[in-house]
Amino acid sequence: MKRPVRLLCVVAFVAALVVSVPGVAGAASLSTTCTDGLAAGTYHRVVVPQGAVCLSDGPVTIRGGLYIESGATFVLGSEENPVNTGTISGGVHARNAASVQIHFTTINGGVDVRGGSGPFGGPFDITWNAIEDNRINGGATVKGYNGFWFGFIRNHVNGSVNLNNNVLTDPDGNEYVTNTIHGNLNCAGNLPAPQVGDSEGAPNQVTGVKTGQCVGL
């Protein structure tokens, strides 16, 4: 299944759900549990609980961090709609999530995604991480993801990026390209090895050093 087809399916799914389901909370709540659509607005801490699905077109402002629990799916924006989707302060934190898909967002506090829940299941039948077109302040770590596909593409990162031990089903997975990184880019133990894939991407611009599997990428 080619990546553009997967993304178009997501766009249609997100649009339908966000239109039909109102947001779960406003700025007055200290913590928002999202189990359907996250409406445009301001939130403090947002939690996607175990096995839940939280979808949003934005724009959203999250001030106290985003937390994605085991088996959960979070989608903010899409590659097909290149508009600002908001700001997440306090970082993005995921543990054994099914899918983490964030596009065109400013993330303050970094990205920390560890583990996964396997390549199949969730609302799209297959699982994937897509961290694309974001401005990330605080670095990024994605480690031990075992989904179907993973892309880290066209991000501007202030801090080092560590992409390690991500073992995927799709032989076209682990696309780490066209990023601007003010720090180091460290890659090891990924299968398939990091590649351009069908993204038609360009080499990463790194002010620090590239190590491991990303030396030539």
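What you are looking at is a predicted structure, and each value in this text was computed from that prediction instead of being measured.

Here is what the cut-offs are and how they apply
Residues numbered from 1 in each chain as written. Predicted model: local features only at pLDDT ≥ 70, side-chain atom pairs only at ≥ 80, totals over all residues. Heavy atoms only, no water. Phe/Tyr/Trp six-rings, centres within 6.5 Å; stacked < 30°, edge-to-face > 60°. Helix = DSSP H or I, 4+ residues; strand = E, 2+ residues; numbered from the N terminus. Lys NZ or Arg CZ within 6 Å of the ring centre and 35° of its normal. Disulfide = S-S within 2.5 Å. Pairing = 2+ DSSP bridges. Axes fitted to C-alpha atoms, helices over the stretch in contact; angles between N-to-C directions. Buried < 20%, exposed > 50% of the residue type's maximum accessible area, 1.4 Å probe, protein only. Salt bridge = Lys/Arg side-chain N within 4 Å of Asp/Glu carboxyl O.

Some thoughts on the packing of aromatic side chains
No. 1: The full count for this structure, using the stated rule, is four aromatic pairs.
No. 2: Note on phenylalanine 124 and tryptophan 128: the rings are 5.5 Å apart at their centroids and 40 degrees apart in plane angle, and the pair reads as tilted.
No. 3: Between phenylalanine 150 and tyrosine 176, the ring centres sit 5.4 Å apart and the planes meet at 65 degrees, which makes this aromatic pair edge-to-face. Here tyrosine 176 lies in strand 19 (residues 175–177) and phenylalanine 150 lies in strand 16 (residues 149–153), a separation of 26 residues in the sequence.
No. 4: Through pairs of rings, three or more aromatic residues link up here, namely Tyr145, Phe150 and Tyr176.
No. 5: Lying across the ring of tyrosine 67, arginine 45 places its NZ or CZ 4.2 Å from the centre.

Points about the state of the cysteines
No. 1: According to the stated counting rule, one finds two disulfides in the structure shown.
No. 2: Each sulfur of the disulfide joining cysteine 187 and cysteine 214 lies 2.0 Å from the other. The sign of the S-S torsion, about -80 degrees, decides the handedness of the disulfide formed by cysteine 187 and cysteine 214: left-handed. Residue cysteine 187 is found in strand 21 (residues 185–188), and its partner cysteine 214 is found in the segment after strand 23 (210–212); the two are separated by 27 residues along the sequence.
No. 3: By sequence order of its bonded cysteines, the protein chain has the disulfide arrangement 1-2, 3-4.

Some details on the sheet that holds strand 6 (residues 66–68)
No. 1: Spatially, the nine strands line up as an open sheet ordered 1-3-6-9-12-15-18-21-23, and their pairing is parallel. Only two strands of the sheet have a single partner each, and these edge strands are strand 1 (31–33) and strand 23. When the angles between neighbouring strand axes are averaged without regard to direction, this sheet yields 10 degrees.
No. 2: In the sheet, strand 1 pairs with strand 3 (residues 45–48) via three bridges, with the strands oriented parallel. Following the sheet pairing, serine 31 is matched in strand 3 by arginine 45.

Quick word on the pairing of strand 9 (residues 92–95)
No. 1: Alternating residues of strand 9 divide into Val92 and Ala94, all buried, and His93 and Arg95, none buried.
No. 2: Summarising the sheet, strand 6 and strand 9 pair through three bridges and their orientation is parallel. Among the inter-strand pairings, leucine 66 is bridged to a residue of strand 9, identified as valine 92.

Some points on unusual backbone geometry
No. 1: Geometrically, the link from glycine 58 to proline 59 is a cis peptide bond, its omega value of -5 degrees lying close to zero.
No. 2: The omega angle of the peptide bond from leucine 191 to proline 192 is 0 degrees, so this bond is cis rather than trans.
No. 3: Mapped onto the fold, proline 192 is located in the loop between strand 21 and strand 22 (205–206).
No. 4: For arginine 154, which is not glycine, the phi torsion reads 60 degrees and is therefore positive.

Some thoughts on the pattern of salt bridges
No. 1: In the structure shown here, the tally under the stated rule is four salt bridges.
No. 2: Of the charged contacts, one joins arginine 154 and glutamate 79 as a salt bridge, the two residues approaching to 3.1 Å between their closest N and O atoms. Of the two residues, arginine 154 sits in the loop between strand 16 and strand 17 (156–158) while glutamate 79 sits in the loop between strand 7 (73–76) and strand 8 (86–89), which places them 75 residues apart along the sequence.
No. 3: Here arginine 95 and aspartate 112 are joined by a salt bridge, their closest N and O atoms 2.9 Å apart. Linking arginine 95 in strand 9 with aspartate 112 in strand 12 (residues 111–114), this pair joins segments that are 17 residues apart in sequence.
No. 4: Residues joined in a network through salt bridges with shared partners are Glu79, Asp133 and Arg154.

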